[in-house]
Amino acid sequence: MIATILLSFGVLFLAELGDKSQLMALTFALRYHWWTVLSGITVASVLVNLIAVGVGHFLGAALPTGVISLFAAATLIGVGLWTLRETLSNSSDADDGVAPQVRSRSAFLVVLSAFLLAELGDRTMFATMALATNNNWVAVWIGSVAGMVAAGALAIVIGVTVGKHIPERIIAVCSGLLFLYFGALTLLEAFAHGLGTPLAALLSLALPALAGGMLPVLRRRAGTPAGSVAEHVVAEQVPAAPHEVQ
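Residues numbered from 1 in each chain as written. Predicted model: local features only at pLDDT ≥ 70, side-chain atom pairs only at ≥ 80, totals over all residues. Heavy atoms only, no water.

Visitor: Can you walk me through the packing of aromatic side chains in this structure?
Guide: Aromatic ring pairs are reported here in terms of the distance separating the ring centres and the angle at which the planes meet. Inspection of every chain in the model, using the stated rule, returns seven aromatic pairs. On the basis of an interplanar angle of 50 degrees and a centroid distance of 4.8 Å, the ring pair of Phe 28 and Phe 179 is categorised as tilted. Taken together, the positions of Phe 28 in helix H2 (residues 20–31) and Phe 179 in helix H8 (residues 168–191) put the pair 151 residues apart, joining distant regions of the chain. Neither residue differs from the other here; Phe 28 and Phe 179 are each classed as buried. An aromatic cluster is defined as three or more aromatic residues linked by ring pairs; in this entry it consists of Phe 28, Tyr 32, Phe 115, Phe 179, Tyr 181 and Phe 182. (Phe/Tyr/Trp six-rings, centres within 6.5 Å; stacked < 30°, edge-to-face > 60°. Helix = DSSP H or I, 4+ residues; strand = E, 2+ residues; numbered from the N terminus. Buried < 20%, exposed > 50% of the residue type's maximum accessible area, 1.4 Å probe, protein only.)

Visitor: Please clarify how the packing of H2 against helix H5 (residues 107–119) should be interpreted in this entry.
Guide: In the contact formed by H2 and H5, the axes pass within 10 Å of each other and the chain directions differ by 170 degrees. In terms of their interaxial angle, H2 and H5 are classed as roughly antiparallel. Together, Lys 20, Ser 21, Met 24, Ala 25 and Phe 28 of H2 and Val 110, Val 111, Ala 114, Phe 115, Ala 118 and Glu 119 of H5 make up the contact between the two elements. (Axes fitted to C-alpha atoms, helices over the stretch in contact; angles between N-to-C directions. Parallel < 35°, antiparallel > 145°, perpendicular 65-115°, else oblique. Contact = heavy atoms within 4.5 Å.)

Visitor: What's the story with helix H10 (residues 206–221) in this structure? I'm lost.
Guide: The periodicity of an α-helix, 3.6 residues per turn, causes residues three or four places apart in sequence to face the same way. Between its terminal C-alpha atoms H10 stretches 23 Å, which fits the 22 Å expected from 16 residues at 1.5 Å a residue. Maximal helix bending in H10 amounts to about 30 degrees, located at Leu 215; proline Pro 216 follows within four positions. Buried within H10 are the following residues: Pro 208, Ala 211, Leu 215 and Arg 219. (Expected span 1.5 Å × (residues − 1). Bend = angle between axes of the 7 residues up to and from the residue.)

Visitor: How do you make sense of helix H1 (residues 2–16) when you look at a structure like this?
Guide: In a regular helix each residue adds 1.5 Å, so 15 residues correspond to 21 Å; H1 covers 21 Å between its end C-alpha atoms and thus fits that length. Taken together, the buried positions of H1 are Thr 4, Ile 5, Ser 8, Leu 12, Ala 15 and Glu 16. Looking straight down H1, one finds that the buried residues subtend no more than 110 degrees of arc, so they occupy a single side. In H1, the exposed positions that point more than 90 degrees away from the buried face belong to Ile 2, Ala 3, Leu 6 and Leu 14. On its buried side, H1 packs onto H2, H5, helix H6 (123–134) and helix H7 (137–163). Just downstream of H1, Gly 18 is the residue with a positive phi angle, here 80 degrees. (Arc of directions from axis to C-beta.)

Visitor: So what exactly am I meant to see when it comes to the nonpolar core here?
Guide: Nonpolar side chains tend toward joint burial in soluble globular proteins. Met 24, Phe 28 and Phe 115 are the most contacted members of the largest nonpolar core, which totals 24 residues. Counting only elements with at least two residues in this core, the list comes to H2, helix H3 (34–59), helix H4 (65–89), H5, H7 and H8. Setting aside anything within four residues of it in sequence, one finds Phe 28 in contact with Val 37, Val 79, Val 110, Val 111, Ala 114, Phe 115 and Phe 179. Counting residues in hydrophobic clusters, the runner-up holds 13 residues, among them Leu 12, Val 53, Val 55 and Ile 68. (Core = buried A, V, L, I, M, F, W, Y, C linked by side-chain atoms within 4.5 Å.)

Visitor: Before we go on, may I ask you to explain the side chain of Thr 4 in this structure?
Guide: Its place among the elements puts Thr 4 in helix H1. For Thr 4, the contacting residues outside a window of four places in its chain are Asn 135, Asn 136, Ala 139 and Val 140.

Visitor: Explain the confidence of the model for the protein to me, please; I cannot follow it from the model alone.
Guide: Atom-level detail of predicted coordinates should not be read off regions where pLDDT is low. Scored by pLDDT, the protein comes out at a mean of 76, with 79% of its residues at no less than 70. The weakest mean pLDDT in the protein belongs to helix H11 (residues 226–237) at 42; the strongest belongs to H7 at 89. Contacts for the low-pLDDT stretch residues 240–246, under 50 throughout, to residues beyond four places or in other chains number zero contacts. (pLDDT = per-residue confidence, 0-100.)

If you want it as structure tokens, here you go:
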């Protein structure tokens, strides 16, 4: 059983390195408290790997990955748009200091749902299913959860370290664009199998590129009204009245 746990841990940890789930963990760590992200990843890992070992060991069948991928893509794109919307509403305060740890009661649910949907039907889930077909499913479950959480924790450490030196606006914009990219990539990988991973990764850049191009325009529209700008310019040009001599 120990050997199976170690095998599952190694397979899942290596499979998660550089995967979109690990990049999501890094991105979330830039926006939320690290313990919120880690707890969301842990719960999602427990659930998704339990489903994987159950399907692999007891049913031997695959989940409807197309429908799951559609929901996952919608969730990721929704998180990305929500994050970019925050940068517009908070544009006046975006450059005050470095990366904040956003407080939100829904942060845990956002992380949990995003990871759960992203991992369902992912290659790591199929790896867990394959391991569970010929090994003790409890050991595979324990090792898979540990490997996935360890990979996520590594990404969180990197995110927290990097986030201390990056301004808030840059973090928010990059986070939103990354989630849009992950969402587009999930859609293409699920419904355009003939493209191949490199081409799908390249085409997925179109959505964040479009959003990034529109962001400056939307920020200008959401900025200071024209009247306020004119009053500010006039106030700077007119010298202050001298003090009256008593």
